[in-house]
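# Commentary on secondary and tertiary structure
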Amino acid sequence: MILQALAFYLFATVLLASGVVVVTSRNPVYSVLFLILAFFNAAGLFVLLGAEFLAMILVIVYVGAVAVLFLFVVMMLDVDFAELKKGVQSYLLPGLGIGGLLFAELVIAVSAHWHFAPHAVPAAATPKGLTNTAALGHILYTDYIYYFQAAGLVLLVAMIGAIVLTLRHRDGVRRQKAWTQISREPSDAMAMVDAKPGEGVE
Amino acid sequence: MFLTNWFQHTAGLPYPWAWTLAQVILIVVYQAVVMVSVAFWILADRKIWAAVQMRRGPNVVGPFGLLQTFADAMKFMFKEPIIPAAANKVIFLAAPIIAATLAFAAWAVVPLDEGWVVADINVGVLYLFAISSLGVYGVIMGGWASNSKYGFLAALRSAAQMVSYEVSIGFVIVTVLIFAGSLNLSDIVRAQGPDMRGWYIFSPLFPMLIVMFISSLAETQRPPFDLLEAESELVAGFMVEYSSTPFLLYFLGEYMNIILLCALMSIMFLGGWLPPIAIWPLTAVPGVLWLLAKIVVLFFMVSMVKAFVPRYRYDQLMRLGWKLLLPVSMLWVVVAASWVVFVRPVWGPFFAHLFGG
């Protein structure tokens with residue numbers, strides 16, 4: 001247990017500290033790198049909670065894919081973040097106010113008699129004899145398959161929408177046709193010509 | 001397990017400390033073995049390549065050149081590490097360390113034999129996939145921190161390449177998971193027992209082994225997909241500013257990833273530690289040797305590809321990844337799921353004689 005407690009405090013401290021650095025860092029690349037560190041520690045907390053599937057998915061999706069895109073963008077953009085941060089003074093007070101309000105709401109919500117709905121309790125805990133990957137699979141693909149499919153459909157629409165909005169067919173672009181290239185034979189491209197001396201080849 | 005028991009009962013430590021101490025010792029020994037073995041994989045790679053080109057390869061340091069890699073490593077370590085003046089020093093040095101550490105960390109879940117695994121976790125395959133998808137950070141961070149146009153461009157290219165091919169590796173893993181019904185690597189091997197009829201290479205998953213092999217080459221930047229450090233065209237890709245030990249770390253990480261993916265392919269498709277035929281003299285051989293033999297076969301193929309396949313162009317590489325391997329592997333997820341749901345319950349006993357199905 002003491003190892004678990006130590007691990008919890010390690011992950012939680014690093015998570016909070018790196019979260020603070022994400023916001024305060026001057027260099028945006030550092031911000032993204034510390035964001036990645038924060039994701040990692042969140043994954044560690046998931047593992048401590050026994051949600052190993054979520055932990056791995058967090059690392060694969062957020063660290064392995066989303067944060068790579070962030071890093072790409074931040075490294076290639078030449079954004080002067082000091083310039084952007086100039087207005088921080090004027091927004092500080094309203095920002096703190098909204099943050100404090102949200103925090104107070106959270107405290108009220110959690111400290112009041114907060115509990116699971118009775119029908120949600122059996123679904124919340126991992127059933128005996130199943131790993132939590134299998135339990136999640138059962139819930140997503142067996143119990144709530146239609147909701148899951150509907151969510152998938154929404155994502156598909158978003159994907160098609162993004163493609164339709166950005167795809168432009170331009171005229172006069174010579175595209176590579178891989179099949180014609182592969183199926184080209186030496187006989188299509190070469191000819192043996194018997195060149196006579198002094199006459200050359202036409 | 002044995003070490004934990006020893007610390008607990010003979011040395012009289014409480015269980016958590018005994019377990020921690022045993023794991024630490026196990027990890028250190030394991031990593032040392034893996035790291036020393038990398039020296040010989042590198043040598044094997046060079047020897048195979050030399051043999052194809054009818055050269056002798058490294059043959060001066062030690063018998064048959066066995067110590068060549070150690071000599072090279074020494075040379076790198078005693079060189080002066082040069083850090084470019086405009087580089088971001090912290091990230092510049094952190095990037096190769098991250099690359100090498102991730103390559104080591106991945107080995108934690110690889111089962112070498114029944115029960116021979118440092119961390120036998122339920123989501124072993126996902127862990128491996130997560131770690132290998134992090135490999136891209138070593139590349140981008142190194143390229144960016146060098147503060148060099150060439151390094152950065154190469155880093156972007158190779159990051160795009162790694163991210164693209166990860167997608168199809170992910171789908172290949174999904175097909176294997178559907179067949180094995182588990183995310184635990186040891187369970188995946190057990191599902192392929194008892195002999196080679198059960199291996200997924202002899203099942204409808206065979207095309208996925210090919211997809212996985214090609215994607216692994218691209219993922220580890222091996223020829224024919226080594227565009228980022230094409231020696232005849234570029235200097236050294238994102239590593240252009242690196243020298244000495246940082247370069248050595250990248251080099252080490254790269255080879256460890258290649259061997260790791262060979263091990264992963266052996267576990268997912270070639271039955272891991274299982275012998276090809278479950279009869280006496282073969283079953284008496286320790287499983288780790290069978291796994292090693294399978295890794296050697298795959299590594300040999302990887303080396304041979306390096307020796308005879310011409311390099312791809314960048315657009316061809318992207319086309320192959322997104323337009324061929326990705327659709328095929330996605331389609332195969334459907335095929336594998338249909339097989340497990342519709343074919344296996346009906347024809348299972350029949351196919352069990354031919355292959356494990």
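How each quantity is defined
- Residues numbered from 1 in each chain as written.
- Chains lettered and ligands numbered in written order.
- Predicted model: local features only at pLDDT ≥ 70, side-chain atom pairs only at ≥ 80, totals over all residues.
- Heavy atoms only, no water.
- Contact = heavy atoms within 4.5 Å.
- Buried area = accessible area lost by both parts, 1.4 Å probe.
- Polar contact = N/O pair within 3.5 Å; in protein donor to acceptor, adjacent residues only side chain to side chain.
- 1 Å grid on protein atoms, 1.4 Å probe; cavity = no way out; pocket = protein on both sides within 12 Å on 5 of 7 lines; lining within 4 Å.
- Points joined across faces, edges and corners; volume = space filled by probe spheres on them.
- Helix = DSSP H or I, 4+ residues; strand = E, 2+ residues; numbered from the N terminus.
- Nonpolar A, V, L, I, M, F, W, Y, C, P; charged D, E, K, R; others polar.
- Patch = residues over 30% accessible without salt bridge, like charges linked within 9 Å, V, L, I, M, F, W, Y side chains within 5 Å.
- Areas by Shrake-Rupley, 256 points an atom, 1.4 Å probe, with all protein chains shown as cover.
- Salt bridge = Lys/Arg side-chain N within 4 Å of Asp/Glu carboxyl O.
- UniProt positions renumbered as here; feature names shortened; annotations may be inferred.
- Buried < 20%, exposed > 50% of the residue type's maximum accessible area, 1.4 Å probe, protein only.
- Domains from an automatic or database assignment.
- Lys, Arg positive; Asp, Glu negative; His and termini not counted.
- Charge placed at Lys NZ, Arg CZ, Asp CG, Glu CD.
- Expected span 1.5 Å × (residues − 1).
- Bend = angle between axes of the 7 residues up to and from the residue.
- Axes fitted to C-alpha atoms, helices over the stretch in contact; angles between N-to-C directions.
- Parallel < 35°, antiparallel > 145°, perpendicular 65-115°, else oblique.

### Description of the interface of chain B and chain A
Facing the 28 residues of chain B at the interface are 25 residues of chain A. In this assembly, chain B packs against chain A so that about 2300 Å² is buried in total across both faces, 79% of it on carbon and sulfur atoms. If you sort the residues of chain B by the area they bury against chain A, L126(B), Y137(B) and W144(B) come out on top, with a joint share of 22%. Remark: the boundary between chain B and chain A carries four residue pairs in polar contact (both at pLDDT 80 or more).

### Brief notes about empty space enclosed by the protein
Picture a little ball the size of a water molecule; that probe, rolled over the atoms, points out where space is still empty. Residues and elements named next belong to chain B. Counted by the stated rule, this structure contains four cavities of 30 Å³ or more. G135, V139, M162, E254 and N257 are the residues nearest the centre of the largest cavity, which is lined by 18 residues in total. The element contributing the most residues to the lining of the largest cavity is helix α9 (residues 244-269), with six residues. Its residues assigned to classes, the lining of the largest cavity comprises nine nonpolar, seven polar and two charged. Roughly 70 Å³ of internal volume is contained in the second largest cavity. Lining the second largest cavity, in full, are L128, F129, S132, I169, I173, E219, L260, L261 and L264. Of all the secondary structure elements, the ones that give two or more residues to the lining of the second largest cavity are α5 (124-145), α6 (149-180) and α9.

### With respect to a nonpolar patch on the surface
On the surface, a nonpolar cluster with roughly 690 Å² of combined accessible area is contributed by L153(A), L156(A), M159(A), I160(A), I163(A), V164(A) and L167(A). Turning to its location among the elements, M159(A) is positioned in helix α8 (residues 145-166).

### A word on the UniProt feature "transmembrane region" (unreviewed entry) in chain A
Residue and element names in this part refer to chain A. Here the UniProt feature "transmembrane region" (unreviewed entry) sits at residues 6-23, 30-49, 55-79, 91-114 and 144-167. The straight-line gap between the two end C-alpha atoms of residues 6-23 is 26 Å; of that span, 100% is helix and 0% is strand. Segment residues 144-167 splits into 92% helix and 0% strand. End C-alpha atoms: 35 Å apart.

### Looking at the environment of S37(B)
Residues and elements named next belong to chain B. You can see S37 is positioned in helix α2 (residues 15-52). Using a relative accessible area of 26% as the deciding quantity, one classes S37 as partly exposed. The spatial distance from the C-alpha of S37 to the C-alpha of I25 is 18 Å, given a sequence separation of twelve residues.

### Things to note about the domain arrangement of chain B
It is common to give the size of an interface as the accessible area that goes away when the parts come together. Residue and element names in this part refer to chain B. What the domain assignment reports for chain B is domain 1 (1-78) and domain 2 (88-354). Between the C-alpha centres of domain 1 and domain 2 the distance comes to 20 Å. Contacts between the two partners involve 18 residues from domain 1 and, on the opposite side, 26 residues from domain 2. Across the domain 1 to domain 2 interface the summed buried area is about 2100 Å²; carbon plus sulfur atoms make up 78%. Among the residues of domain 1 in contact with domain 2, Y30, W41 and F76 are the three that bury the most area, contributing 34% of the side total. Where domain 1 touches domain 2, the interface holds two salt bridges. Linking domain 1 with domain 2 are seven residue pairs in polar contact (both at pLDDT 80 or more), by the criterion used here. Those elements that provide at least two residues to the side of domain 1 that touches domain 2 are α2 and α3 (68-78). A total of 15 residues in the side of domain 1 that touches domain 2 trace back to one element, the largest contributor, which is α2.

### Looking at a positive patch on the surface
Residues R170(A), R175(A), R319(B) and K323(B) make up a contiguous surface patch of positive charge. For R319(B), the position within the fold is in helix α12 (residues 314-354). What makes R319(B) partly exposed here is its relative accessible area of 41%.

### Notes on helix α3 (residues 52-76) of chain A
With 25 residues, α3(A) should reach 36 Å at 1.5 Å per residue; the first-to-last C-alpha distance of 34 Å fits that figure. In α3(A), a bend of some 35 degrees at A67(A) exceeds every other bend along the element.

### Overview of the packing of helix α8 (residues 206-219) of chain B against α9(B)
Residues and elements named next belong to chain B. Running from N to C, α8 and α9 point in directions that differ by 170 degrees, and their axes come no closer than 10 Å. On the basis of their axis angle, the class for α8 and α9 is roughly antiparallel. Contact residues: M208, L209, M212, F213, S216 and E219 in α8; L261, L264, M265, M268 and F269 in α9. Of the residues belonging to the contact of α8 with α9, the class tally is nine nonpolar, one polar and one charged.

### A short note on unusual backbone geometry
All names here are of chain B. Each neighbour pair has its own omega, and for P223 with P224 the value is 5 degrees, a cis peptide bond. Assignment of secondary structure puts P224 in the loop between α8 and α9. Positive phi, close to 55 degrees, is recorded for N147, a residue that is not glycine. For N147, the position within the fold is in the loop between α5 and α6. In the Ramachandran plot, S244 falls in the positive-phi region, its phi being about 55 degrees despite a non-glycine side chain. The topology assignment puts S244 in helix α9. For S244, a relative accessible area of 1% gives the class buried.

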